[in-house]
Amino acid sequence: MKVLGNIIWFVFGGFWMALGWLLVGVLWCISIIGIPIGLQAFKIAKLSIFPFGKRVNTSSKTTSLILNILWLIFGGISLAISSFIIGCLFCITIIGIPFGKQHFKLAKLALMPFGATIS
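In this text, all values refer to a predicted model and were calculated from it rather than measured experimentally. (Residues numbered from 1 in each chain as written. Predicted model: local features only at pLDDT ≥ 70, side-chain atom pairs only at ≥ 80, totals over all residues. Heavy atoms only, no water.)

(A) Focus on the layout of surface pockets. Approximately 230 Å³ is the volume found for the largest pocket. Mapped onto the lining of the largest pocket, the elements with two or more residues apiece are α1 (2-29), α2 (35-49) and α3 (62-90). Here the lining of the largest pocket takes seven residues from α3, the largest share from any one element. When its residues are assigned to classes, the lining of the largest pocket shows 13 nonpolar, two polar and no charged. Of the pockets and cavities examined, the second largest pocket occupies roughly 160 Å³. Lining the second largest pocket are Ile8, Trp9, Phe12, Gly13, Gly14, Met17, Phe90, Ile95, Gly96, Phe99 and His103. Among the elements of the structure, α1 and α4 (97-111) are those that each provide at least two residues to the lining of the second largest pocket. The leading source of residues in the lining of the second largest pocket is α1, at six residues. (1 Å grid on protein atoms, 1.4 Å probe; cavity = no way out; pocket = protein on both sides within 12 Å on 5 of 7 lines; lining within 4 Å. Points joined across faces, edges and corners; volume = space filled by probe spheres on them. Helix = DSSP H or I, 4+ residues; strand = E, 2+ residues; numbered from the N terminus. Nonpolar A, V, L, I, M, F, W, Y, C, P; charged D, E, K, R; others polar.)

Laid out in structure tokens, this is it:
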């Protein structure tokens, strides 16, 4: 199921989603101050390519909490809400539920990317 789900995901939008995150990461990495944010965008792009079979693990370190709060202020909430809404739309049909779950995973990562690891 993982391989088939990843292929369908990649063909029907995963490639473009990852390309968008890569572009955002490159734009953030142009300035020295934006490099940490750019690296988190690369992390989300990596997950956006093939999300099936991968887990997002979050940590509760103080440093990552402060960075996550700043991330939320500067755009993380809108990214998480859009992934959540798309996930809800996918969950309307039985066939779309696995894809909706992947969007919920992306919403979780878009909400708190600092301190998160993908395994």
